[in-house]
Amino acid sequence: MTLRFLALPIALPIFAMVIVVVASNVLVQYPINDFLTWGAFTFPAAFLVTDLTNRRFGAGRARSVVYAGFLVGAAFSIVLAGPRIGGASATAFLTGQLLDIAIFDRLRQMAWWQAPLASSIFASAVDTALFFSLAFSGTGLPWVTLGVGDFAIKLAMAAVLLIPYGALMRYVGTIPAQHPNSASP
């Protein structure tokens, strides 16, 4: 049995993505210590949303979720977290999520856990480097150590989030791998 979304099949993933992005951009402003912010614990859920959407609907629809999350999340983040964090987040988010989709789609035929783990690790590295350098360089905050600490948590969360990913796969269903040049909706 596959999970049936409301009227628009990707409405639930879009809603989830917006919540994750906005919450993470607010929480990243609150360091736990010199090596970690609260946003490190929430943002990896964006990769879970993207990977489940990619698994169920394919890369084209996953990109649609990312674009919607990008537009709505960026607007809310600029208002709630400020233009610098909102802009840095939008840049890092779009780059990291599109990388996640590309890697996941190429690895989708491997063991169930390899595509989401590999895509999350590589995309998190790019996202973290972009976000922390754009959002906090020149501010006096220890942005390099915060970035390293956040990335370490993102690595751990990528592994932990395999549990809900694996559990939800049977409800979400799957589509076969698509050709790299396919233009799915």
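Not measured: the values here are computed from a predicted model.

A. Representation of the nonpolar core within the structure. Judged by nonpolar contacts, the single largest core of 18 residues is most densely connected at Met 17, Ala 46, Val 65 and Phe 93. For this core, the elements supplying multiple residues, two or more each, are helix H1 (11-27), helix H3 (44-57), helix H4 (59-81) and helix H5 (83-107). It is H4 that provides the largest number of residues to this core, a total of five residues. Sequence-distant contacts of Ala 46, defined by excluding residues within four places in its chain, comprise Met 17, Val 20, Phe 93 and Gln 97. Counting residues in each nonpolar core, the second largest holds 11 residues, with Ala 40, Leu 48, Ile 153 and Tyr 165 among its members.

B. Seen up close, the packing of H4 against H5. For the pair H4 and H5, the least separation of the axes is 8 Å and the interaxial angle reads 165 degrees. In terms of orientation, H4 and H5 fall into the roughly antiparallel class. Relative to H5, the crossing made by H4 is right-handed. Across the interface between the two elements, Ala 59, Ala 62, Arg 63, Val 66, Tyr 67, Gly 69, Phe 70, Ala 74, Ser 77, Ile 78 and Ala 81 from H4 touch Pro 83, Ile 85, Gly 86, Gly 87, Ala 90, Phe 93, Leu 94, Gln 97, Leu 98, Ile 101 and Asp 105 from H5.

C. Geometry of the packing of aromatic side chains. If you walk through the whole model with that rule in mind, you get eight aromatic pairs. When the ring of Phe 43 is compared with that of Phe 93, the centres are 6.4 Å apart and the planes differ by 80 degrees; the resulting orientation is edge-to-face. With Phe 43 in the loop between helix H2 (39-42) and H3 and Phe 93 in helix H5, this residue pair connects regions lying 50 residues apart in the sequence. You can call Phe 43 buried: its relative accessible area is 8%. Ring geometry for Phe 132 versus Phe 136: centroids 5.7 Å apart, planes at 40 degrees, classification tilted.

Rules of the game
Residues numbered from 1 in each chain as written. Predicted model: local features only at pLDDT ≥ 70, side-chain atom pairs only at ≥ 80, totals over all residues. Heavy atoms only, no water. Core = buried A, V, L, I, M, F, W, Y, C linked by side-chain atoms within 4.5 Å. Buried < 20%, exposed > 50% of the residue type's maximum accessible area, 1.4 Å probe, protein only. Helix = DSSP H or I, 4+ residues; strand = E, 2+ residues; numbered from the N terminus. Contact = heavy atoms within 4.5 Å. Axes fitted to C-alpha atoms, helices over the stretch in contact; angles between N-to-C directions. Parallel < 35°, antiparallel > 145°, perpendicular 65-115°, else oblique. Left-handed = near helix turned anticlockwise from the far one by under 90°. Phe/Tyr/Trp six-rings, centres within 6.5 Å; stacked < 30°, edge-to-face > 60°.

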